[in-house]
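Analysis of the macromolecular model
The residues making up each chain are set out below.
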Amino acid sequence: MSEANGTTKIDALPGVLELDDFDFSKLPEKPRPLNIDRQRSFDERSLAEVPMAFSPHVPPSRSDNFHHHSHYDSMFSPRKSALNTPRSQGDRHENPNPMIAEAWDCLRRSLVYFRGQPVGTIAALDNSDEKLNYDQVFVRDFVPSGLAFLMNGEPEIVKNFLLKTLRLQSWEKRIDRFQLGEGVMPASFKVLHDPARNTETILADFGESAIGRVAPVDSGFWWIILLRAYTKSTGDASLAEMPEIQKGMRLILSLCLSEGFDTFPTLLCADGCCMIDRRMGVYGYPIEIQALFFMALRCALLLLKQDTEGKEFIERIVKRLAALTYHMRSYFWIDMKHLNDIYRFKTEEYSHTAVNKFNVMPDSLPDWIFDFMPVHGGYFLGNVGPSKMDFRWFCLGNCFAILSSLATPEQSTAIMDLIESRWHELVGDMPLKVCYPAIEGHEWRIVTGCDPKNTRWSYHNGGSWPVLLWLLTAACIKTGRPQIARRALELAESRLGKDGWPEYYDGKLGRFVGKQARKYQTWSIAGYLVSKMLLDDPSHVGMIALEEDKHLKPVLRRSSSWTF
């Protein structure tokens, strides 16, 4: 199950890409490089407090040269990029793309340094007095920044980030006298510079200071996914093969592969453990975590060494993937046919022959789903558990289902069909809805706990997040539908820079800058750059997409507890 070293050049493809004809594992090992402060919430323990020359929080020389083309040539022909950012200072091109120039400038100004080395990017270049914790490096927020630097031929920043967060993983983590699992990765960290003492200190938050005090389940998954992207981009496996890196992966896997009372292969999670990091009723088995879990397991298969410890985890991963694949494709998938089946469910069914395995009440079907579901199209549900089906559409989980090949080729096509047919609802005037629809009224009060930030069509409750553009673009390229991404990108370009790169937008169509959105949000900026670079050179998608593993077949066995 190792990645191939061949190179595939794609000169032209039809409107719909056949996955069998496009092997993502054979994309170039090293894609062509492009020359182109939230409330303080961290644990005040020092990772390293050493005397050193004080290095102020100042980015390196600005790279101001950009080359821009007014149109794309062949969408799928890797070629000289339209984005060009030389590392030297000055000598600005006479006709640069000002939006791209500003985005790269902001991304570089968001860099955080420790011991003179860049180790991440802060969440937002916020100019207000109320900094909250937006001046920290968030693991999930850094991923699009890391991808942008990898695509631009600057892997050292990503390498530093991966190693620094790995050291934080080894900390003892306690919340109210309770110790967290050894493999938990931090939600964020902050570098404190003390010029008086000539020292620098890293402080991390594992959830003990976060809103709601929830540990991030997704941080470890994002870390593994970014490690694979780094390895794929650079063609350098030496980082992943380091003993400490291998141990870090095994610790993460130990947490999520542990056996317990759960009868499902999906991962049981608390509310607020992922990108939707406030109470939004995603407790249980949220699609975002399951898709990231699936992707991280597949990436780990490619990264783990075939030594004694590695082989043990590889065996566990293969078994879990087989069960997870069957469970997700069978029970989380919904289209017109499945919706009609649920509509006709019988309840209180006992034994292994039950059709309604989770005892879902047909009366729990929301009214909006009947109008929302197109004749052609489908998606993965937001959540499935005992007597629970969350029918909301969640963007990140569905895009990652495509990128990881959790979705079958047919399901991937159906997700794209849904986005096209429900463009008004899911994209509107600013891509892209984090979830649809919003919850409101009495349901909002119960589910969110009257959260004033998550009012209808705002923030996590149906808000529009520009960062999701890179995920949509990658999914579009993998499914051979780049025209969808180009259309969404044009919408974003019409406003994103002019509005100051907000964190999110409000309203049914995303017409209003979010009421509490930070400006110059780093992952909004990085997401735009990644989207541009993916469309300019689709071979980059090989960093973040996996083809379907045809050797991984779900194994179905009758329960051993059943007797005849």
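Our subject is the structure listed above.
Scoring rules and cut-offs
- Residues numbered from 1 in each chain as written.
- Predicted model: local features only at pLDDT ≥ 70, side-chain atom pairs only at ≥ 80, totals over all residues.
- Heavy atoms only, no water.
- Helix = DSSP H or I, 4+ residues; strand = E, 2+ residues; numbered from the N terminus.
- Buried < 20%, exposed > 50% of the residue type's maximum accessible area, 1.4 Å probe, protein only.
- Expected span 1.5 Å × (residues − 1).
- Axes fitted to C-alpha atoms, helices over the stretch in contact; angles between N-to-C directions.
- Parallel < 35°, antiparallel > 145°, perpendicular 65-115°, else oblique.
- Left-handed = near helix turned anticlockwise from the far one by under 90°.
- Contact = heavy atoms within 4.5 Å.
- Nonpolar A, V, L, I, M, F, W, Y, C, P; charged D, E, K, R; others polar.
- Salt bridge = Lys/Arg side-chain N within 4 Å of Asp/Glu carboxyl O.
- Core = buried A, V, L, I, M, F, W, Y, C linked by side-chain atoms within 4.5 Å.
- Pairing = 2+ DSSP bridges.

**Some points on the environment of Ser 539**
By the element assignment, Ser 539 lies in the segment after α16 (522-536). Accessibility expressed as a relative area gives 4% for Ser 539, which makes it buried. Sequence-wise, Ser 539 and Ile 477 are 62 residues apart; in three dimensions their C-alpha atoms are separated by 9.4 Å.

**Here's the deal with helix α2 (residues 139-151)**
Between the first and last C-alpha of α2 there are 19 Å, a value that for 13 residues agrees with the 18 Å anticipated at 1.5 Å per step. In terms of burial, α2 is largely enclosed, as 13 of its 13 residues are buried. Immediately beyond the C-terminal end of α2, within one or two residues, lies Gly 153, with a positive phi of roughly 75 degrees.

**Topic: the packing of helix α4 (residues 218-234) against helix α6 (residues 287-303)**
Contact pair α4 / α6: the axes reach a minimum separation of 9 Å and the direction vectors enclose 40 degrees. In terms of axis orientation, α4 runs oblique to α6. Note on packing geometry: the crossing formed by α4 with α6 is left-handed. Along the contact surface, α4 presents Asp 218, Phe 221, Trp 222, Ile 224, Ile 225, Leu 227, Arg 228 and Thr 231, while α6 presents Glu 288, Ile 289, Leu 292, Phe 293, Met 295, Ala 296, Cys 299, Ala 300, Leu 302 and Leu 303. Along the lines of polarity and charge, the residues of the contact of α4 with α6 split into 14 nonpolar, 1 polar and 3 charged.

**Some details on the pattern of salt bridges**
Scanning all chains against the criterion turns up 17 salt bridges. Measuring nitrogen to oxygen at the nearest pair gives 2.9 Å for the salt bridge that ties Arg 518 to Asp 126. Here Asp 126 lies in the loop between β3 (117-121) and β4 (137-138) and Arg 518 lies in the loop between β16 (512-513) and α16, a separation of 392 residues in the sequence. In this structure, Arg 518 and Asp 126 share a single accessibility class: buried. A salt bridge links Arg 329 to Glu 548; the nearest nitrogen and oxygen atoms lie 3.3 Å apart. In this pair, Arg 329 is assigned in helix α7 (residues 308-332) and Glu 548 in the segment after α16, connecting sequence segments 219 residues apart.

**Things to note about the nonpolar core**
For soluble globular proteins, the rule of thumb is that nonpolar side chains tend to be buried together. With 168 residues, the main nonpolar core has Leu 147, Trp 223, Tyr 379, Phe 400, Ile 419 and Leu 468 as its most contacted residues. With 13 residues, α6 is the single largest residue contributor to this core. Setting aside its immediate chain neighbours within four residues, Phe 400 contacts Trp 222, Ile 225, Ala 291, Leu 292, Met 295 and Leu 471.

**Considerations on the pairing of strand β8 (residues 199-205)**
With 7 of its 7 residues buried, β8 lies for the most part within the structure. The side-chain alternation of β8 yields two buried faces, one formed by Thr 199, Thr 201, Leu 203 and Asp 205 and the other by Glu 200, Ile 202 and Ala 204. Strand direction decides the pairing type here: strand β7 (residues 188-194) and β8, joined by 7 bridges, are antiparallel. Paired with Asp 194 across the strands is Thr 199, a residue of β8. With antiparallel pairing between neighbouring strands as the criterion, β7 and β8 make up a hairpin whose turn holds 4 residues, including Asn 198 at a positive phi of roughly 60 degrees.

**Describing unusual backbone geometry**
With an omega dihedral of 15 degrees, the bond running from Pro 431 to Leu 432 counts as a cis peptide bond. Secondary-structure assignment places Leu 432 in the loop between α12 (423-426) and β14 (435-436). The peptide bond linking Tyr 436 to Pro 437 adopts the cis configuration, its omega dihedral lying at -5 degrees. Within the secondary structure, Pro 437 is located in the loop between β14 and α13 (441-448). In this structure, Glu 348 takes a positive phi of about 55 degrees despite not being glycine. The topology assignment puts Glu 348 in the loop between α8 (336-343) and α9 (368-372).

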